[in-house]
Amino acid sequence: MKVLGAIALNVFRESVRDKVLYNLVLFAVLLIGASYLIGQLTAGQDMKIIKDLGLSAIGVFGLFIAVFIGIGLVWKEVERRSIYALLTKPITRVEFIVGKYLGLLLTLLVNLAVMAAALYAVLGLMTWFGPASLTSALDAPVFDPGLLLAIALIFVQLALVTAIALFFSTFSTPMLSAAFTFALYVAGHFSADLKHFESVVDSPVAVYLTRTLYYLLPNLAPFDIKALVVHGQPLAPGYLAATVLYGVVYTAAVLLAATLVFARRDFK
Amino acid sequence: MIGNRLVACVVLAWLFGAAVAVAYVRDQAYGETRAVEQVLYVRSGEALTRASLSNAALLADVYWIRAIQHYGGTRISKEPGKRYDLLYPLLDLVTTLDPRFTIAYRFGAIFLSEPYPGGPGRPDLSIALLEKGVRAEPAKWRYEEDLGFVYYWWLHDYGKAAQHFERGSRIAGAPWWMRSLAAATLGTGGDRRRSRFLWQELYQAADNEWLKNNARLRLTQLDALDEIEQLQRIAQAFAARNGAPPSSWAMLVRTGWLRAEPLDPAGAPYVLNPETGRVNVSASSKLHPLPIEPGAWMPQPQKQ
């Protein structure tokens, strides 16, 4: 446990050194700029648009952090040859992979927490200093705690994407790992089409194959509850629990696959 | 070392300044480059929803801003033959990307119904948009109210209007007056009192400055119609006594029929046609053109 903590903390420090947290400044500038501009560009619904923009930006910024740091986690150690020194220490390969993963998860958690706070702060500024009409006709309260639910699901989704990036990082180059991870991310949003492939083809074999692919590929679309939250729609606790459970189980499977691949790698 | 850095900074500033200067001179000489016409490359909301990768609501906001800009830009344009061709496709995209985007349905219906040149004058498309809203959220009585309103105010189809008011009144949370409005609309069709009631209700319930201003304008137009009726009566009485309609307001003021030249509620003088004696708002008035009132509308005889 101590080893995992040390590796994770090291990854977090490294990401801070790599100026990853600069994205927070960009996020804040984006939201503050948008909150001013939107009032000039649209007729009402400023709060809705800021919530949509904030949640989407949290997802996109988080995705870039997860992919671009995730793909370098193992590769960097191999490239710098620091992996040789590391593996001579009392660290197992499983601890190495899981520690790296937890470190990036910590980076993501800190980022998402600060971005969430910034989103609430901008909403607060708009409420307190903007015209009263901004807060009228909202489907959900301005400081809706439901936003945190959406952000929590974004975090679980990013945890899964991080595991996928780390998995590719154990055996591939950063360029290819990024391409594979993004490809899976995109495919993960089209899973529903795979499930209903029988509506476009007659071949039972093709339907069987696509149905199998549907269950094998990560299904990322259910993690998106942003629109529901912004419109103040009720969310079934069972749905949320099942989605989180799916994310955790799938992530565990990918991490296990990553450790298996990494365990077989020969660093001689 | 510091000297070199200073020189580099000065050169950097100079280069940026030069780039700005060149751009300015080019724009002055050749005019700014701008798109000749507005284009909507993707018209399938379903395709965009998929391509947005779980960011459909944000994309809906982007298209909503574009719809507002398109409507506003075209409305204030002085170009002859201006068109609102992209308005409905944009609103359709917005509401497919985010089916719960209430304001897109409600504003969109107002934009689409506005008669040309203030809008495309397409109440049929307003109805299509609102019906899409009803399909997305059947529990929203506001859409039924808006549908009833479009049939009442723009299409003068009181049967359909009453049907929608009645349907809306059956939805939980609908105001008490919707049921009586349905019965009254069906019974007596459109009159100014009912129109005023509807606009007043829209004004009071408006959660947005634009909606409020639009309702205020309509209420002011109804006030102007009241005043025009009174002026018309005076002009008719003058014509009955003198054998010809008054040639100007000044004549009516001189002869004691009026105390001063009458101004409409927006502050512009009313226009008096000396040949027919008809009174109307001036073309330069903010109230121009006045709406065709539901009560004043008569069904046209069908052509054989």
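Note that the coordinates shown come from a computational prediction; the quantities given were computed from them, not determined experimentally. (Residues numbered from 1 in each chain as written. Chains lettered and ligands numbered in written order. Predicted model: local features only at pLDDT ≥ 70, side-chain atom pairs only at ≥ 80, totals over all residues.)

### So, the overall build of chain B
1) Next: In terms of helices and strands, chain B carries 12 helices and 2 strands.
2) Next: Taken from N to C terminus, the helices and strands of chain B fall in the order α-α-α-α-α-α-α-α-α-α-α-α-β-β.
3) Next: Considering only C-alpha atoms, chain B reaches an extent of 100 × 55 × 45 Å along its principal axes.
4) Next: Every one of the 304 residues in chain B was classed for burial, and the buried ones make up 34%.
5) Next: In chain B, once contacts between residues fewer than 6 apart in sequence are set aside, the share between residues at least 24 apart is 51%. (Helix = DSSP H or I, 4+ residues; strand = E, 2+ residues; numbered from the N terminus. Buried ≥ 20, exposed ≤ 12 C-beta atoms within 10 Å, placed from the backbone. Contact = placed C-beta atoms within 7 Å.)

### So, the overall build of chain A
1) Next: Assigned secondary structure in chain A consists of 12 helices and 0 strands.
2) Next: Helices (α) and strands (β) of chain A occur, in sequence order from the N terminus, as α-α-α-α-α-α-α-α-α-α-α-α.
3) Next: Referenced to the eigenvectors of the C-alpha coordinate spread, the extents of chain A come out at roughly 65 × 55 × 30 Å.
4) Next: Within the span of chain A, comprising 268 residues, buried residues form 39% of the whole.
5) Next: In chain A, 82% of the contacts between residues at least 6 apart in sequence involve partners at least 24 apart.

### Remarks on the interface of chain A and chain B
1) Next: On the chain B side, the residues contacting the 21 residues of chain A number 20 residues.
2) Next: Of all elements in the fold, only α3 (46-70) and α11 (226-230) of chain A reach the threshold of two or more residues within the side of chain A that touches chain B.
3) Next: A per-element tally of the side of chain A that touches chain B places α3(A) first, with 4 residues.
4) Next: When grouped by side-chain class, the residues that make up the side of chain A that touches chain B number 10 nonpolar, 8 polar and 3 charged. (Nonpolar A, V, L, I, M, F, W, Y, C, P; charged D, E, K, R; others polar.)

### Description of the environment of A:Ala28
Residues and elements named next belong to chain A.
1) Next: Counting through the fold element by element, Ala28 comes out in helix α2 (residues 22-41).
2) Next: Note on Ala28: 17 C-beta atoms within 10 Å, which makes it partly exposed.
3) Next: Considering only alpha carbons, one finds Ala28 and Val122, 94 residues apart in sequence, at a separation of 8.5 Å.

### What to know about helix α8 (residues 158-169) of chain B
Counting along an α-helix, one turn takes 3.6 residues, and residues three or four places apart therefore face a common direction.
1) Next: Counted at 1.5 Å a residue, the expected span for α8(B) with its 12 residues is 16 Å, and the 16 Å between its end C-alpha atoms agrees.
2) Next: B:Tyr158, B:Ala161, B:Ala162, B:His164, B:Phe165, B:Arg167, B:Gly168 and B:Ser169 are the residues of α8(B) that are buried. (Expected span 1.5 Å × (residues − 1).)

### Considering the packing of helix α6 (residues 93-129) of chain A against helix α12 (residues 237-264) of chain A
Residue and element names in this part refer to chain A.
1) Next: Running from amino to carboxyl end, α6 crosses α12 at an angle of 135 degrees, the nearest separation of the two axes being 9 Å. For the element pair α6 / α12, the angle class is oblique. Viewed along their axes, α6 and α12 form a crossing whose handedness is right-handed. Of the residues in α12, those touching α6 at Arg93, Val94, Ile97, Val98 and Tyr101 are Leu255, Ala258, Thr259, Phe262 and Ala263. (Axes fitted to C-alpha atoms, helices over the stretch in contact; angles between N-to-C directions. Parallel < 35°, antiparallel > 145°, perpendicular 65-115°, else oblique. Left-handed = near helix turned anticlockwise from the far one by under 90°.)

### Comments concerning the domain arrangement of chain B
1) Next: According to the domain assignment, chain B contains domain 1 (45-214) and domain 2 (224-304).
2) Next: In this structure, domain 1 of chain B and domain 2 of chain B have C-alpha centres spaced 32 Å apart. (Domains from an automatic or database assignment.)

### Things to note about unusual backbone geometry
All names here are of chain B.
1) Next: In the segment running from Tyr116 into Pro117, the intervening peptide bond is cis, with an omega of 10 degrees.
2) Next: A cis amide bond links His288 with the next residue in sequence, Pro289, at an omega value of -5 degrees.
3) Next: Looking at the secondary structure, you find Pro289 in the segment after β2 (279-280).
4) Next: Within the chain, Ser54 stands out as a residue other than glycine whose phi angle is a positive 70 degrees.
5) Next: The topology assignment puts Ser54 in the loop between α2 (45-51) and α3 (56-76).

### Structural notes on the nonpolar core
1) Next: Of all hydrophobic cores here, the largest spans 117 residues; its most connected members are A:Ala163 and B:Val94.
2) Next: It is helix α7 (residues 146-169) of chain A that contributes the most residues to this core, 16 residues altogether.
3) Next: Excluding residues that lie within four positions of it along the chain, B:Val94 makes contacts with B:Ala60, B:Tyr63, B:Trp64, B:Ala67, B:Phe101 and B:Ala104.
4) Next: Grouped together as the second largest cluster of nonpolar side chains are 6 residues, B:Leu231, B:Trp249, B:Leu272 and B:Val279 included. (Core = buried A, V, L, I, M, F, W, Y, C linked by C-beta atoms within 7 Å.)

### Details of the confidence of the model for chain A
1) Next: Overall, the predicted model of chain A reaches an average pLDDT of 88, with 99% of residues at or above 70.
2) Next: When mean pLDDT is compared element by element in chain A, α7(A) scores highest at 95, while helix α9 (residues 191-195) of chain A scores lowest at 77. (pLDDT = per-residue confidence, 0-100.)

### Comments concerning the packing of α7(A) against α12(A)
Residues and elements named next belong to chain A.
1) Next: Two elements in contact, α7 and α12, have axes whose closest approach is 8 Å; the angle formed by their N-to-C orientations is 15 degrees. Between α7 and α12, the crossing angle belongs to the class labelled roughly parallel. Crossing of α7 over α12 shows left-handed handedness. Across the interface between the two elements, Leu149, Leu153, Val156, Gln157, Ala159, Leu160, Ala163, Ile164, Leu166 and Phe167 of α7 pack against Leu240, Thr243, Val244, Gly247, Tyr250, Thr251, Val254, Leu255, Ala257 and Ala258 of α12.
2) Next: Residue composition of the contact of α7 with α12, by class: 16 nonpolar, 4 polar and no charged.

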